[in-house]
Amino acid sequence: MGVIEDVYEDLDTDVEFEEFEAAVEDKVEQMGGLADEETAAMLIAHELRDEEADTIADIEPGMNEVKFLGKVTAIGDVRTFERDDEDAEEGRVCNVDVADASGSVRVALWDDMAAAAEEELEVGQVLRVMGRPKEGYSGLEVSADKVEPDEDAEVDVQVLDTYRVEDLSLGASDVDLVGQVLDTDAIRTFDRDDGSEGRVANLTVGDETGRVRVTLWDGKADLAEEFEAGEVVEVGDGYVRERDGDLELHVGDRGTVERVDEDVEYVPETADIADLEIGETVDIGGGVIETDPKRTFDRDDGSEGQVRNVRIKDDTGEIRVALWGDKADREIELADRVVFTDVEIQDGWQDDLEASANWRSTVTVLEEGSDAAGGGADGARGAGASDSGSDDRGGNETGLGAFAEDGQKAAAEAVAGETADGDGTGGTGGESGGAGGAAAATAERSTEDVEFTGTVVQTGDPVVLDDGQRTKSVETDASLRLGEEVTVRGPERDGTIDADDVF
């Protein structure tokens, strides 16, 4: 056996020996005698090994021609296009999605392969694909040079008609998913490398298995303004990408988002406030016991930002939540029940923990029931809650509706206050647990002085101080200058410090 045969025997490849041998001879000739047959055979073997992809997840844009095995999960329509050469005949292309256990990728079949795909390919077939990876319009795709069905090979991939959130995997395409809208974001614009302006917006949807951020591109971005939290929608022809370690469902030119008349339940799994630790990204919920006015500030790039602070309480404790950007515009009022998802726990003022609700967070405000202190939940302002007519929901109340009742109780207890002697006069079961209780709680808090040190970021009425973590509105007659660092002390009412001392 010669040296070429020896190298070929150690190579795990579908290339026939005759083709391998011819490639070795061509390599020897190309190198002008600088490499003998053994060296040339090893170089060709190295190139072939680079082509082999163990899984679809191993494929990356810019790689040389790759080979991989995958199961057909979707077959697109054959489209025609004009070539640059006016005399050339019309071109044809068909996109086929294939997947393995690691992920999914789109394969572009051209001309004769496109025509054959339309007539011969079926969803569920296993293909051996050879082609060149590149970054396509909807993410990674492989431009196929050769595609062959492999009837003997098995690929463990479940082909789904409709996905749930837990079914999503990186690279999946042609995804149809039904979920409840949990939150919406405003449309944003950006500049592309070619100088054109792009548009993007986001929804967050959830089902019984979890939630996912939906990214809407360009013409689809307007869809974010058509839906409200609590509605049920179906995302069609989406594709899954990753951002900051989280999967996202993207909707491009082919995708759709439509209202559907289906019942979808999303159950938030909130963490106990008492157990929160700095550095965590968690979901929290509770009743609102304090609200601050929205404040604006200048960013380093000259743009204007905004933030609003609220404080919530659950059965285990309370925490301040900072709402940044568009989140600051959400209508959140005293005694509302709110669920915040994906908030970052940070070190706040005076060693107090603070939750930061940023671009990736969602804010769900649950509707108040007819009995503000009784725990009824008529619906959801931000996510659908089930109806409940009494304090005893038994085992039938689930989803955000179930959380709504617990949140209502926490809010009522926090705002109305529970009596220390247990005589029930300040409890949550009677009418006194409403606005009068809130006023009493506010009056009680106002008797305690607070001290705050920060930089003056707004003069006038009110003055606004910022300590790098939080901002505070201050009522004072003192003459202060922008940029001056001061400390104020006095009672705090409705989020504003009535400063008795300024130093």
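Residues numbered from 1 in each chain as written. Predicted model: local features only at pLDDT ≥ 70, side-chain atom pairs only at ≥ 80, totals over all residues. Heavy atoms only, no water.

## Brief notes about unusual backbone geometry
Stated formally: Burial here depends on accessible area, computed with a 1.4 Å probe over protein chains only, as a share of the maximum for the residue type. Under 20% is buried, over 50% is exposed, and the range in between is partly exposed. Strands are runs of DSSP state E lasting at least 2 residues, helices are runs of H or I lasting at least 4, and numbering of each runs from the N terminus.
With a phi close to 50°, aspartate 111 is a non-glycine residue in the positive phi region. Among the residues examined, aspartate 111 registers a relative accessible area of 23% and is labelled partly exposed. Even without a glycine there, the phi angle at aspartate 244 is positive, about 50°. Its place among the elements puts aspartate 244 in the loop between β11 (232-243) and β12 (246-251). Note on aspartate 244: relative accessible area 56%, which makes it exposed.

## A look at the confidence of the model for the chain
The test is simple: Residue-level confidence of the predictor is summarised by pLDDT, bounded by 0 at the bottom and 100 at the top. The contact definition used throughout considers only heavy atoms, calling two residues in contact when any of these lie within 4.5 Å.
Per-residue confidence for the chain gives a mean pLDDT of 79, with 80% of residues at or over 70. Of all secondary-structure elements in the chain, the lowest mean pLDDT belongs to helix α6 (residues 435-446), at 39, while strand β13 (residues 256-259) reaches the highest, 95. Within the model, the stretch residues 369-398 combines pLDDT values under 50 with 78 contacts to residues more than four positions away or in other chains. For the stretch residues 414-446, pLDDT sits under 50, and the model shows 39 contacts to residues farther than four places along the chain or on other chains.

## A word on the pattern of salt bridges
Selection rule: Definition used for salt bridges: Asp or Glu carboxyl oxygen within 4 Å of a side-chain nitrogen of Lys or Arg.
Within the structure shown, the criterion is met by 28 salt bridges. Between aspartate 185 and arginine 213 there is a salt bridge, with its nearest N and O atoms 3.5 Å apart. Here aspartate 185 is found in the loop between β7 (175-184) and β8 (188-191), whereas its partner arginine 213 is found in strand β10 (residues 210-217), with 28 residues between them in sequence. Side by side, aspartate 185 and arginine 213 carry an identical accessibility label, which is buried. Across the salt bridge formed by lysine 472 and glutamate 492, the nearest N and O atoms sit 2.4 Å from each other. Of this pair, lysine 472 sits in strand β24 (residues 471-475) while glutamate 492 sits in strand β25 (residues 485-493); the two residues are 20 residues apart in sequence, bridging distant segments of the chain. Glutamate 492 shares its class with lysine 472; the two are buried. Bridged by salt links that share partners, the residues Asp185, Arg213, Glu248 and Lys327 form one connected network.

## Notes on empty space enclosed by the protein
Where empty space is left can be seen by rolling a probe of water-molecule size over the atoms. Formally: Of the two site types, the cavity is a set of points on a 1 Å grid over the protein atoms alone where a 1.4 Å probe fits but cannot get out, and the pocket is an open set with protein on both sides within 12 Å along at least five of seven lines, each lined by residues with an atom within 4 Å of a point. Grid points are joined across faces, edges and corners, and a volume is the space filled by probe spheres set on the points. Throughout this entry, Asp, Glu, Lys and Arg are counted as charged residues, while Ala, Val, Leu, Ile, Met, Phe, Trp, Tyr, Cys and Pro are counted as nonpolar. The remaining residues, Gly among them, count as polar.
The tally for this structure, following the rule as stated, stands at one cavity of 30 Å³ or more. If you trace the largest cavity, you find it lined by Asp183, Thr184, Asp185, Asn202, Leu203, Thr204, Arg213, Lys327, Trp359, Ser361 and Thr362. Of all the elements in the fold, those that place two or more residues in the lining of the largest cavity are β7 and β9 (197-207). Among the residues making up the lining of the largest cavity, the classes are represented as two nonpolar, five polar and four charged.

## What to know about the side chain of serine 473
Locating serine 473 in the fold gives a position in strand β24. Accessibility expressed as a relative area gives 4% for serine 473, which makes it buried.

## Digging into the packing of aromatic side chains
Threshold: Two rings from Phe, Tyr or Trp (for Trp, the six-membered ring) form a pair when their centres are within 6.5 Å of each other. A pair whose planes differ by under 30 degrees is stacked, one over 60 is edge-to-face, and the rest are tilted. Here, a charge over a ring is recorded when the distance from Lys NZ or Arg CZ to the ring centre is within 6 Å and its angle to the ring normal is within 35 degrees.
Following the criterion strictly, the structure yields five aromatic pairs and no others. For the pair tyrosine 8 and phenylalanine 17, a centre-to-centre distance of 5.3 Å together with 75° between the ring planes defines the contact as edge-to-face. Taken together, a centroid distance of 5.9 Å and an interplanar angle of 85° make the contact between phenylalanine 297 and tryptophan 324 edge-to-face. A residue pair is termed long-range when its members are at least 10 positions apart, and phenylalanine 297 in strand β15 (residues 295-298) and tryptophan 324 in strand β17 (residues 318-324) qualify at 27 residues. Taken together, Tyr8, Phe17 and Phe20 form an aromatic cluster joined through their ring pairs. Lying over the aromatic face of tryptophan 359, arginine 243 brings its terminal NZ or CZ to 3.9 Å of the ring centre.

## A look at the nonpolar core
To keep it simple, the criterion reads: Here, nonpolar core refers to any group of buried Ala, Val, Leu, Ile, Met, Phe, Trp, Tyr and Cys residues whose side-chain atoms link them within 4.5 Å.
Within the largest apolar cluster, 23 residues are counted, with the highest numbers of intra-cluster contacts made by Val175, Leu177, Val214, Leu216, Leu249 and Val257. Look past the residues within four positions of valine 257 in its chain and what remains in contact with it is Leu203, Leu216, Leu223, Phe227, Val233, Glu234, Val235 and Val251. By size, the runner-up hydrophobic cluster in this structure holds 19 residues, among which are Leu276, Leu323, Val338 and Val365.

## Looking at the environment of glutamate 37
As for its placement among the helices and strands, glutamate 37 is situated in helix α3 (residues 37-51). Considered as a pair, glutamate 37 and lysine 27 are ten residues apart in the sequence and their alpha carbons are 8.6 Å apart. Contact partners of glutamate 37, with chain neighbours within four places excluded, come to Val3, Ile4, Val24 and Val28.

## Here we look at the pairing of strand β18 (residues 337-347)
To keep things clear, this is the line we draw: Should DSSP find at least two bridges between two strands, the strands are taken to pair.
When strand β14 (residues 281-291) meets β18, the two strands line up antiparallel, connected through six bridges. Residue pairing across strands places valine 282 opposite valine 343, the latter belonging to β18. Note: β18 against strand β19 (residues 353-357), four bridges, orientation antiparallel. From the neighbouring strand, glutamate 344 faces β19, where its bridge partner is serine 356.

## Some thoughts on helix α4 (residues 112-120)
Owing to its 3.6 residues per turn, the α-helix aligns residues three or four sequence positions apart on the same side. Put simply, the rule reads: Note: the arc covers the axis-to-C-beta directions of the helix.
Those residues of α4 that sit buried are Ala114, Ala115 and Ala117. What you see down the axis of α4 is that its buried residues fit within an arc of 155°, all on one side. Of the exposed residues in α4, those oriented more than 90 degrees away from the buried face are Asp112, Glu119 and Glu120. Buried residues belonging to α4 abut β3 (91-100) and β4 (103-110).

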